[in-house]
Amino acid sequence: MEITNACSALATIQVGVARSDGRLSINSKQLTFEPLNKQVGFGPYCLEREQIRSVRHNILREQTITNQLQSALEIELNSGETYQFIIADTDKWLSLLQPRG
């Protein structure tokens, strides 16, 4: 799917048990995560779309008293690095982030 306009939404990056809220944006060349709280240390991240190896839907268990499950996207780069983002409308983002052939 070719992206002609940039798309962005509020998202949470998950790193181990730590999280940071921010804005996830995508255009035809890159995926960017910009944290709302710049002092937390998670980002900004700028991932080149051509470096994305795979994108999959993932279920994360929230580490709270309620122990809720949350839907997330897991992005793996060609380097082996992985990133997890909790975001609304995961099916839309999954489609937008599929590696281009």
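Our structure is the block above this text.
Because the structure is a prediction, the values reported are computed rather than measured. (Residues numbered from 1 in each chain as written. Predicted model: local features only at pLDDT ≥ 70, side-chain atom pairs only at ≥ 80, totals over all residues. Heavy atoms only, no water.)

Time to look at the pairing of strand β7 (residues 82–87). Within β7, 5 of the 6 residues are buried, which leaves it mostly tucked inside the rest of the structure. Two strands pair when backbone bridges link them, and strand β1 (residues 7–15) and β7 are joined in this way by 4 bridges, in the antiparallel orientation. By the bridge assignment, Thr12 is partnered in β7 with Ile86. (Buried < 20%, exposed > 50% of the residue type's maximum accessible area, 1.4 Å probe, protein only. Helix = DSSP H or I, 4+ residues; strand = E, 2+ residues; numbered from the N terminus. Pairing = 2+ DSSP bridges.)

Below, the discussion takes up the nonpolar core. Among the nonpolar cores identified, the biggest contains 21 residues, and Leu24, Leu31, Ile75, Phe85, Trp93 and Leu97 are the most heavily contacted of them. Elements represented by at least two residues in this core include exactly β1, β2 (18–26), β3 (30–35), β5 (52–61), β6 (69–77), β7 and α1 (90–97). It is β1 that provides the largest number of residues to this core, a total of 4 residues. Filtering out sequence-adjacent residues up to four positions away, Leu31 remains in contact with Leu24, Ser25, Ile26, Tyr45, Cys46, Leu47, Arg49, Ile75, Phe85, Trp93 and Leu97. (Core = buried A, V, L, I, M, F, W, Y, C linked by side-chain atoms within 4.5 Å. Contact = heavy atoms within 4.5 Å.)

Regarding α1, the residues found buried are Thr90, Trp93, Leu96 and Leu97. Taken down its axis, α1 places every buried residue within 125° of arc, on the same side. (Arc of directions from axis to C-beta.)

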